[in-house]
Amino acid sequence: MDETFFIGIDIGAGSLKTTVVALDGRVCGSAGVDLVTHTPHPGWSEQDPADWWRALCDTVPRALAEAGLKAERIAAVAISAGAHTPVLEDAQGRVIRPAILWSDTRSAAEARELQQRHGEEILQLACNRPAPTWTQPQLLWLARHEPDALARTHRLYVAKDWLRSRLTGTWETDATEAVGTLLYDGRRDAWSERLCAMIDFDPRRLPPIVQPTDVVGQVTKAAASASGLAQGTPVVCGSSDTSVEAFGAGAASTGIGTVKLATAAAISIVADGPRPSPTVINYPFCVPGHWYTIGATNSCASAHRWLRDTFFRTGATSGAEAFRRMDEEAAAAEPGARGLVFHPYLQGERTPHWDPLLRAAFLGMSFAHERRHFARALYEGIAFSLRDVLDALRSQGLQMEEARIIGGGSRSATWRQIVADVLGISILMPRVTDASFGAALVAAVGVGAFPDAQTAVARTVSVVAHHEPNPAHRALYDEMHGIYRDAAHALVDVNHRLAERRNS
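Residues numbered from 1 in each chain as written. Predicted model: local features only at pLDDT ≥ 70, side-chain atom pairs only at ≥ 80, totals over all residues. Heavy atoms only, no water.

## A short note on the sheet that holds strand β23 (residues 463-467)
Spatial strand order, β17-β18-β16-β15-β21-β22-β23: seven strands in an open sheet with mixed pairing. The open sheet has two free edges, formed respectively by β17 (281-284) and β23, since each of these has just one partner strand. Across the sheet, the mean angle from the axis of one strand to that of its neighbour is 25°, orientation sign disregarded. Bridge analysis of strand β16 (residues 265-271) against strand β18 (residues 291-297) gives seven bridges, and the strand direction is antiparallel. (Pairing = 2+ DSSP bridges. Helix = DSSP H or I, 4+ residues; strand = E, 2+ residues; numbered from the N terminus. Axes fitted to C-alpha atoms, helices over the stretch in contact; angles between N-to-C directions.)

Listed below in structure tokens is the structure:
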């Protein structure tokens, strides 16, 4: 088994990545392809599932070539993706419409309606509150605005399951994704007829439930020809990106936390069960017998990219060079950004506000501020939003003294230290931090290469950077976070009035 290899594939918000991982955790090869997110109307975020399949077929051969491996050396494959992104197929297996992403806010009115009519019942059954990020309000929006599409629906997939079905021809999902639809009874581990009835959705359109580590099929002859994988390769179910990321970062036991600096920012804590609350999110974990409770802020790397493209990228400067310059300038600015505060609500906000009408703001600007202060304030503002998330998690009785940090933002040592200072906890950076690595470990557990998840983590995950909170900065950041929080509350009415103006 020492020469056994596994493939993990992740559909991210902006790209698909394939990674080849050895049994000892070495990344032997990887390849990625950018994905296009379509925004035909304000607040909409959609992707074409066919793009995912083309990206898989492009990246698998390149990752294998970089690893110097033939496809027959791969012992198993697993796929992950952002949770609860619905793909609707008709009776002939054709995709009916583009997939609605978790970041899409078109169903805000439907989410409010479901909250007003059934909020407490949904919270108790589904372990989460209605919001535009979930499938249930999205389906209600489709019933009202695209009824023909919903009427033609024969099967509902979520993103990673649809892509996996291209390999195996099978139809199933795991409990993490099922909970993400807001149509699943998380305590009974079964689809809920009651939750489906709230939106008049036929539960027979929903897939069977399996474990994330279950082998659900093999690569078919046609899929092998298209993808570069070997026919007969075992395919493991997999799970959502946040679940496998946390697992791949080493968070495999109760009380271990993960901080994610990606398109969105999030904190998750591994728990022994759900903590239903209006302010946090609950999912079953890919480690059996565990859940993870998560809070998230909508805009992180997306806000970072917006600031780069708006203020730092000029002429022929590459995106990578502009990011490097931003990071250097943020490091050069003093903690507190000379009194400049940033709210990262470019696309509304989730935890703890759950308000799609909130918007971003730089507060406290003066002639004393330079470009470096804006870069620093963005890093700090997203860390303050994560402090709000951590406070919400702690209000549910969850505690953590250290967290593994993952996502593209974790590459910045300055940002990692700011997160440690603002949250007041130890921040550890694993050697590998992306979801495709975690998906590969799930595949390995699924075919018995490791006896359990804890053994897989112990043998494959290592830490390459460690940040402790700087006592000299804690008092300043406590004060700045108080200002950040008070200003956010004070601007709620202003943001709602501006939303009326935008929509008029």
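Let us keep going from here.
## Things to note about the packing of aromatic side chains
What describes a pair of aromatic rings is the distance from one ring centre to the other and the angle between the planes of the rings. Within this structure, the stated rule accounts for 14 aromatic pairs. Taken together, the ring pairs in this structure connect Trp134, Tyr283, Phe285 and Tyr292 into an aromatic cluster. A cation over an aromatic ring shows up here: Arg106 above the ring of Trp141, its NZ or CZ 4.8 Å from the ring centre. (Phe/Tyr/Trp six-rings, centres within 6.5 Å; stacked < 30°, edge-to-face > 60°. Lys NZ or Arg CZ within 6 Å of the ring centre and 35° of its normal.)

## Observations concerning the packing of helix α13 (residues 413-423) against helix α16 (residues 471-490)
Axis separation between α13 and α16 bottoms out at 8 Å; the angle between their running directions is 70°. By the angle class used here, α13 and α16 are roughly perpendicular. The element α13 and its partner α16 pack so that their crossing is right-handed. Across the interface between the two elements, Ile418, Asp421 and Val422 of α13 pack against His473, Arg474 and Tyr477 of α16. The residue makeup of the contact of α13 with α16, split by class, is three nonpolar, one polar and two charged. (Parallel < 35°, antiparallel > 145°, perpendicular 65-115°, else oblique. Left-handed = near helix turned anticlockwise from the far one by under 90°. Contact = heavy atoms within 4.5 Å. Nonpolar A, V, L, I, M, F, W, Y, C, P; charged D, E, K, R; others polar.)

## As for empty space enclosed by the protein
Under the counting rule described, the total for this entry stands at two cavities of 30 Å³ or more. The computed volume of the largest cavity comes to approximately 40 Å³. Surrounding the largest cavity, Leu156, Tyr157, Val158, Asp161, Thr173, Glu177, Ala178, Thr181, Trp191 and Pro207 form its lining. Where the lining of the largest cavity is concerned, the elements lending two or more residues are β8 (155-158) and α6 (175-180). Here the residues of the lining of the largest cavity sort into six nonpolar, two polar and two charged. Roughly 30 Å³ of internal volume is contained in the second largest cavity. Lining the second largest cavity are Thr242, Glu245, Ala246, Thr258, Lys260, Ala266, Ser268 and Ile406. Put simply, the parts of the chain that give the lining of the second largest cavity at least two residues each are α9 (241-248), β15 (257-261) and β16. Of the residues that constitute the lining of the second largest cavity, the class distribution is three nonpolar, three polar and two charged. (1 Å grid on protein atoms, 1.4 Å probe; cavity = no way out; pocket = protein on both sides within 12 Å on 5 of 7 lines; lining within 4 Å. Points joined across faces, edges and corners; volume = space filled by probe spheres on them.)

## Topic: helix α2 (residues 108-126)
Its 19 residues place the ends of α2 only 18 Å apart at the C-alpha level, less than the 27 Å of an ideal helix rising 1.5 Å per residue. In α2, a bend of some 90° at His118 exceeds every other bend along the element. Regarding α2, the residues found buried are Ala108, Glu110, Ala111, Glu113, Leu114, His118, Gly119, Ile122, Leu123, Leu125 and Ala126. (Expected span 1.5 Å × (residues − 1). Bend = angle between axes of the 7 residues up to and from the residue. Buried < 20%, exposed > 50% of the residue type's maximum accessible area, 1.4 Å probe, protein only.)

## So, the side chain of Ser277
With respect to the secondary-structure elements, Ser277 resides in the loop between β16 and β17. According to the relative accessible area criterion, Ser277 is buried, its value standing at 4%. At 3.1 Å, the side chain of Ser277 forms a polar contact with the side chain of Thr279. Engagement of the side chain of Ser277 in a polar contact is seen with the side chain of Gln396, the distance being 3.2 Å. (Polar contact = N/O pair within 3.5 Å; in protein donor to acceptor, adjacent residues only side chain to side chain.)

## Regarding the sheet that holds strand β3 (residues 27-34)
Spatially, β3-β2-β1-β5-β14-β13 is the arrangement adopted by the six strands of the open sheet, whose pairing is mixed. Edge positions in the open sheet fall to β3 and β13 (215-218), since each of these has one partner strand only. Between one strand axis and the next, the sheet turns through 20° on average, direction left out of account. Helix α1 (residues 49-67) rests against β1 (5-11), β2 (15-22), β3 and β5 (74-81) of the sheet, and its axis sits at about 150° to β3. Running over the sheet, helix α5 (residues 159-168) touches β1, β2, β5, β13 and β14 (234-236) and is turned about 150° from β5.

## Observations regarding the pairing of strand β22 (residues 426-430)
With respect to burial, β22 is a largely interior element, five of its five residues being buried. Residues Ser426, Leu428 and Pro430 point to one face of β22 and Ile427 and Met429 to the other, with burial holding for every one of them. Bridge count for strand β21 (residues 402-406) against β22 is three bridges, and the pairing is parallel. Of the residues in β22, the one forming a bridge with Arg404 is Leu428. In this fold, β21 hands off to α13, which returns the chain to β22; that crossover is right-handed. Relative to β23, β22 runs antiparallel, the two sharing four bridges. Bridge pairing in β23 places Met429 opposite Ala465. (Right-handed = clockwise from strand over helix to strand, strands pointing away.)

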